[in-house]
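The chain contents come next:
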Amino acid sequence: PICKSAYYLDFLAVAQEEFQACFPDVSVGSSTCGGLNFLDVDWPHGDVSPLTRLSCVQGLFTQTENGLQCLDVGPGFFLPEGVVWGDKYRGKTSEVATQLGINLALEFSSFKNHEALELLDPMAGRGTTLFWAARYGIDAVGIEYKKEVLEHFHRHVKKQSKIHRIKHKVLKGQHGKKQKNGHGAFREVQWPHCKSKLIIGDSAKLSLKSAFNMLVTDLPYGIQFTGLKSRNPIELIEQCASNWVSMLQEGSAVVLIFNALQPKRADLADVFIRQGLTECNFSGAHRMSESIKREFLVLRK
């Protein structure tokens, strides 16, 4: 059901594509039982817990002669789900699609040690990607142009930490000189296993050290995008691409979640190919609404 709510009529195709991207050596089929949809696999690797980190999976079952038996196994995330799912507001990035984006970045990046990973979200909004990264135990930095999101980010951390009794520390700071538009201000959350940092600034200009292993972001589209004269964000992306790529290490993965009606996939890919990146084989195409057909563009530096 959670997969259907994110990917709608294309949920099964997206689920199979995600599975095959993350586990290319395992064949996958599908079936329906009691009105629920299942992916069917003969799992050859013993430990089944990696399957629970797929964005499409809500539970694992083994087939027995008496029917399906639920397996008591979970993803082992470091933080409770409320950190990601507990904040609702208009225009929020899909929590499920964001998790898929991180799974793709982990798969297509050449860096596999989670403890050494650092994620960049250059269009961070209120931090959905940062919170997902924290659940995985990955350090993350987000850049957001609108200064009002910073206090919202801080309040959400405070609320969820109180509800779930999460030990944490929030640092306030400023990159460079204090500006009237709030740029340079940041909050850094030190969780027990990682750090999440949100910086107010222009991601086309704000330069951070080239230490990131992955970039995952949801590009603004439709009514969310009003920054320029056109609602097509391709002009803005062209201004940002060079700086984004400069902050990534060689072998890093880039995952862009976007409305395929604007910009066109080929145009978006071309922006980053001109920066030396290579496009990877993944689409994840699905229609969210009449005006939004969402896709994933995956590239590698």
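In this text the structure is predicted, and so the values were computed from the model without any measurement.

**Concerning the overall build of the chain**
And then number 1: Within the chain one finds eight helices and 14 strands.
And then number 2: Computed over the C-alpha atoms, the radius of gyration of the chain is 19 Å, within 12% of the 19 Å expected from 2.2 N^0.38 for a compact globule of 301 residues.
And then number 3: Dimensions of the chain, computed from the C-alpha atoms along their principal axes, are close to 70 × 45 × 35 Å.
And then number 4: Scored against the burial criterion, the 301 residues of the chain give a buried share of 50%.
And then number 5: Contacts spanning at least 24 positions in sequence make up 64% of the contacts within the chain whose residues lie at least 6 apart.
And then number 6: For the chain, the exposed surface amounts to about 14900 Å²; the carbon and sulfur share of it is 49%.
And then number 7: When the 36 positive and 31 negative side-chain charges of the chain are each reduced to one mean point, those points stand 12 Å apart.

**Some remarks on the nonpolar core**
And then number 1: Of all hydrophobic cores here, the largest spans 60 residues; its most connected members are Y7, F19, F23, L104, L119, W191 and F296.
And then number 2: No other element matches helix α4 (residues 95-108), which puts eight residues into this core.
And then number 3: When neighbours within four sequence positions are excluded, W191 is seen to be in contact with L79, V83, F131, A134, V157, S161, I166, K167, H168 and S196.
And then number 4: Within the second largest apolar cluster, 30 residues are counted, among which are L206, W244, A260 and L299.

**Here we look at the pairing of strand β14 (residues 293-300)**
And then number 1: A large share of β14 lies buried, amounting to six of its eight residues.
And then number 2: Relative to β14, strand β12 (residues 278-279) is paired through two bridges, and the arrangement is antiparallel. Looking at β14, one finds that T278 is bridged to R300.
And then number 3: Across two bridges, strand β13 (residues 286-287) lies against β14 in antiparallel orientation. Note that in β14 the partner of H286 across the bridge is R294.
And then number 4: Hairpin remark: β13 followed by β14, antiparallel, with five residues in the connecting loop.

**Some remarks on the pattern of salt bridges**
And then number 1: In total, this model carries six salt bridges according to the counting rule given.
And then number 2: The partner of K88 in a salt bridge is E95, and the shortest N-O contact between them spans 3.0 Å.
And then number 3: D270 serves as the salt-bridge partner of R274, at 2.9 Å between the closest nitrogen and oxygen.
And then number 4: Overlapping salt bridges bring together E238, D270 and R274 as one network.

**A closer look at helix α8 (residues 265-273)**
And then number 1: Of the positions making up α8, those classed as buried are R265, L268, A269, V271 and F272. The buried residues of α8 occupy one face: seen down the axis, they fall within an arc of 150°.
And then number 2: The inward-facing, buried residues of α8 contact α7 (234-246), β11 (248-259), β12 and β14.

**A few points about the packing of helix α2 (residues 11-22) against α4**
And then number 1: In contact at an axis separation of 9 Å, α2 and α4 are set at 25° when each is read in the N-to-C sense. When the axis of α2 is compared with that of α4, the two are roughly parallel. Between α2 and α4 lies a crossing whose hand is left-handed. Only L100, N103, L104, E107 and F108 of α4 make contact with α2, whose side of the interface consists of V14, E18, A21 and C22.
And then number 2: Residue composition of the contact of α2 with α4, by class: six nonpolar, one polar and two charged.

Cut-off values and rules
- Residues numbered from 1 in each chain as written.
- Predicted model: local features only at pLDDT ≥ 70, side-chain atom pairs only at ≥ 80, totals over all residues.
- Heavy atoms only, no water.
- Helix = DSSP H or I, 4+ residues; strand = E, 2+ residues; numbered from the N terminus.
- Rg over C-alpha atoms; globule rule 2.2 N^0.38 Å.
- Buried < 20%, exposed > 50% of the residue type's maximum accessible area, 1.4 Å probe, protein only.
- Contact = heavy atoms within 4.5 Å.
- Areas by Shrake-Rupley, 256 points an atom, 1.4 Å probe, with all protein chains shown as cover.
- Lys, Arg positive; Asp, Glu negative; His and termini not counted.
- Charge placed at Lys NZ, Arg CZ, Asp CG, Glu CD.
- Core = buried A, V, L, I, M, F, W, Y, C linked by side-chain atoms within 4.5 Å.
- Pairing = 2+ DSSP bridges.
- Salt bridge = Lys/Arg side-chain N within 4 Å of Asp/Glu carboxyl O.
- Arc of directions from axis to C-beta.
- Axes fitted to C-alpha atoms, helices over the stretch in contact; angles between N-to-C directions.
- Parallel < 35°, antiparallel > 145°, perpendicular 65-115°, else oblique.
- Left-handed = near helix turned anticlockwise from the far one by under 90°.
- Nonpolar A, V, L, I, M, F, W, Y, C, P; charged D, E, K, R; others polar.

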